[in-house]
Amino acid sequence: MPDLPPDLPRVCRPDECLAEDWLGFLGHRWNALILWHLSDGPKRYSDLQALLPRISAKVLTERLAGMTARALVSRHETNLFPREVTYALTPRGESLRGILSDLYDWAERQAPVLGTAGTRR
């Protein structure tokens, strides 16, 4: 790809653009929220369900599996009875904390301007 002036956005083909892939992944309705809730420490599956009451069990399971596959989240299962499964951010997942925090702060600053505080579309 030719060098572009620094003030122009980089353009790439979808099949070779890692940023597009990650933005699409994080842009999924639940992914960023799950990561946000895990950013303050490990959570049990039931804790995540309580924090995200509108997510179905099927979707939460799928999203956690996808994050585990991308090495953003680790899954730890105990051999105790009853079995306990906890999820935590991996170092790769931890590296998103600043980005998620910045996004949260930005959204909070926009809410009064747009009149959307506490509302969903």
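Residues numbered from 1 in each chain as written. Predicted model: local features only at pLDDT ≥ 70, side-chain atom pairs only at ≥ 80, totals over all residues. Heavy atoms only, no water.

Visitor: I'd like to hear about the packing of helix α2 (residues 31-38) against helix α6 (residues 97-114), residue by residue, with values.
Guide: In a packed pair of helices, the relevant descriptors are the angle between the two axes and the axis-to-axis distance. For the pair α2 and α6, the least separation of the axes is 10 Å and the interaxial angle reads 110°. Of the possible angle classes, the one that applies to α2 and α6 is roughly perpendicular. Of the residues in α6, those touching α2 at Ala32, Leu35 and Trp36 are Leu100, Ser101 and Tyr104. Split into classes, the residues belonging to the contact of α2 with α6 amount to five nonpolar, one polar and no charged. (Axes fitted to C-alpha atoms, helices over the stretch in contact; angles between N-to-C directions. Helix = DSSP H or I, 4+ residues; strand = E, 2+ residues; numbered from the N terminus. Parallel < 35°, antiparallel > 145°, perpendicular 65-115°, else oblique. Contact = heavy atoms within 4.5 Å. Nonpolar A, V, L, I, M, F, W, Y, C, P; charged D, E, K, R; others polar.)

Visitor: Account for the side chain of histidine 37, with residues named and values stated.
Guide: Inspection of the secondary structure assignment puts histidine 37 in helix α2. With relative accessibility at 18%, the residue histidine 37 sits in the buried group. (Buried < 20%, exposed > 50% of the residue type's maximum accessible area, 1.4 Å probe, protein only.)

Visitor: Got a sec to walk through the pairing of strand β3 (residues 85-89)? Specific residues and values, please.
Guide: For β3, the buried fraction is high: five of the five residues fall into the buried class. Residues Val85, Tyr87 and Leu89 of β3 are buried on one face, and the alternating residues Thr86 and Ala88, pointing to the opposite face, are buried as well. In this structure, strand β1 (residues 43-44) lies alongside β3, joined through two bridges in antiparallel fashion. Considered in β3, the bridge of arginine 44 is made with threonine 86. When strand β2 (residues 73-77) meets β3, the two strands line up antiparallel, connected through five bridges. Across the sheet, the residue bridging to arginine 75 is tyrosine 87, located in β3. (Pairing = 2+ DSSP bridges.)

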